[in-house]
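Examining the three-dimensional arrangement
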Amino acid sequence: MTALRDRARQVMPGGNTRSTLFVSPHPPYAVKGVGCRVVDAQGHEVIDCNNNYTALLHGHAHPELVSVAQAAVAEGSAFGLPTESEVAFAELLRDRTGLPSWRFCNSGTEAVMMAVRGARAYTGRDLIVRFSGSYHGTYDAVVDVSAPGVPGDVKDSVLTLPQGDEPAFREAMRLHGSTVAAVLIDLMPNRAGLRPAAQPFVDLVRAETTKHGALLVIDEVITLRLGLGGLQRQYGVVPDMTTVGKIIGGGFPAGGVGGRREVLDAFSPLGQGTVSWGGTFSANPVTMRTGAAALRMFNQAALDALNARGDGLRTRLQERGVKVSGSGSLVRLLLADAEPAWWRLYERGVLVGTNGLMALSTAMDDADVDAVHDAVLDALEMSA
Ligand SMILES: Cc1ncc(COP(=O)(O)O)c(C=O)c1O
């Protein structure tokens, strides 16, 4: 591993290309994944509870998805023409979410970027309201406005509020509502602790955005795995736009924006003054076909079973005194000292996110989940 790490450091800053997955001194290199298991370059095998930061619903190399992807590649992996696969994929997402109109890109970051731009174009306003602690990718408008490299004037068009603070939100909308293009919310923000938003707060955000002619954008890049139509359906709230990514690609790069037809028409090439949305690999048939297959396999029965596994694991860990949050298949270990805990878990055969986030997959059985449970207790020094 050190040889590979040293090579990496010669050609990549810090030997790294994804800040999110860095652990010191360097993360192990994955060599192969099958089902819920990953083998690294040392031959060490782990149960994958990371699932590429929640993106993999069915673990690695699921035979059905491999054959769909192979067939798609064999027939041409990308064209300078649209394909039927993107139409079928938009129909599938429409049927699951109830949102009528869709566009595709290659990541959640791009989806959020285009939703923000679309909202600004549609409303003719600039201000974006979002909530502190929530991660929405790396676009300027949704990262810390004081982060290095973010232009100084971004702060003039973004207002960051504490999530769940009704008086602060009401006051902000009273003062600025008429200039707000969109309010961007994640209903269970991972980086803010993976705790579900309070229903009254979500209802308030919907009511206030409607009242002030601002759009509501719900970021379901992670939470789409919790319900067939995402968390928004469980809350009974209909956004003007929603952003998705991760699971929709079936293991390939993907992102999408769905929403009200008249709002998404901001991107229509048939209209006047439309927002340009390019993307050389957007809606490529490998992603569209494999993603659709992965989502179809994730039917109501599969979803319920996976969420029940996650709920069971969370409850058992809580009963043993482990601090955990989340819902359904998303379980976050609330670690005081995340990096050492990450390594202890890895050594005990469990791969989690560097902030303690776990996302279960349909490739796991009860014995796998039991092994994860025992490893967590052991790694956190509570006997199983
Ligand atoms: C809620 C949310 N939105 C957006 C993104 C950005 O997605 P991507 O990493 O595909 O760019 C993420 C990534 O973790 C996310 O969790």
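If you're wondering where the values come from, they're calculated on a predicted model, not measured in any experiment.

The strand order across the open sheet built from 7 strands is 4-10-9-8-7-5-6, with neighbouring strands paired in mixed fashion. Pairing within the sheet leaves two strands with one partner each, and these edge strands are strand 4 (101-105) and strand 6 (158-161). With strand direction ignored, the average angle separating the axes of adjacent strands in the sheet is 20°. For strand 5 (residues 127-131) and strand 7 (residues 180-185), the ladder comprises 3 bridges, and the chain directions are parallel. Bridging from a neighbouring strand, Ile128 pairs with Ala182 of strand 7. Across the sheet, helix 6 (residues 166-176) touches strand 5, strand 6 and strand 7, and the angle it forms with strand 6 is around 160°. Against the sheet, helix 7 (residues 199-212) touches strand 5, strand 7 and strand 8 (215-219), its axis set at about 145° to strand 8.

Attention now moves to the sheet that holds strand 3 (residues 45-48). Read from one edge of the open sheet, 4 strands run 1-2-3-13, paired in mixed fashion. Two strands in the sheet have a free side with no partner beyond their single neighbour: strand 1 (30-34) and strand 13 (350-351). Here strand 1 pairs with strand 2 (residues 37-40) via 4 bridges, running antiparallel. Counterpart to Gly33 in the pairing with strand 2 is Val38. Against the sheet, helix 13 (residues 366-379) touches strand 2, strand 3 and strand 13, its axis set at about 105° to strand 3.

The next point concerns the domain arrangement of the protein chain. When its domains are assigned, the protein chain resolves into domain 1 (2-57 + 299-379) and domain 2 (63-297). Once you take the C-alpha centre of each, domain 1 and domain 2 turn out to be 25 Å apart. Across the domain 1/domain 2 interface, buried area totals approximately 1800 Å², and carbon plus sulfur atoms make up 56% of it. The interface formed by domain 1 and domain 2 includes 0 salt bridges. Connecting domain 1 to domain 2 are 12 residue pairs in polar contact (both at pLDDT 80 or more).

On to the pairing of strand 3, then. Inspection of the sheet shows strand 2 paired to strand 3 by 3 bridges, in the antiparallel sense. Paired with Val38 across the strands is Val46, a residue of strand 3. Two elements, strand 3 and strand 13, share 2 bridges in a ladder whose sense is parallel. Considered in strand 13, the bridge of Asp48 is made with Leu351.

With respect to the element layout, Gly328 can be found in the loop between strand 11 (324-327) and strand 12 (330-333). Linking Gly328 and Asp240, residues 88 residues apart in sequence, is a C-alpha distance of 25 Å. In contact with Gly328, other than residues within four places in its own chain, are Leu226, Asn307, Gly310, Asp311 and Arg314.

Attention now moves to the site of the ligand. Around the ligand, the surrounding shell consists of Ser107, Gly108, Thr109, Tyr135, His136, Gly137, Asp186, Asp219, Val221, Ile222 and Lys246. At a separation of 2.7 Å, an oxygen atom of the ligand approaches a polar side-chain atom of Thr109. Measuring from a nitrogen atom of the ligand, one finds a side-chain N or O atom of Asp219 at 2.7 Å. Considering the ligand on its own, with 390 Å² of exposed area, one finds that the protein chains cover 82% of that surface. Classifying every residue of the shell around the ligand by side-chain character gives 3 nonpolar, 5 polar and 3 charged.

What counts, and where the lines are drawn
Residues numbered from 1 in each chain as written. Predicted model: local features only at pLDDT ≥ 70, side-chain atom pairs only at ≥ 80, totals over all residues. Heavy atoms only, no water. Pairing = 2+ DSSP bridges. Helix = DSSP H or I, 4+ residues; strand = E, 2+ residues; numbered from the N terminus. Axes fitted to C-alpha atoms, helices over the stretch in contact; angles between N-to-C directions. Contact = heavy atoms within 4.5 Å. Domains from an automatic or database assignment. Buried area = accessible area lost by both parts, 1.4 Å probe. Salt bridge = Lys/Arg side-chain N within 4 Å of Asp/Glu carboxyl O. Polar contact = N/O pair within 3.5 Å; in protein donor to acceptor, adjacent residues only side chain to side chain. Near = heavy atom within 4 Å. Areas by Shrake-Rupley, 256 points an atom, 1.4 Å probe, with all protein chains shown as cover. Nonpolar A, V, L, I, M, F, W, Y, C, P; charged D, E, K, R; others polar.

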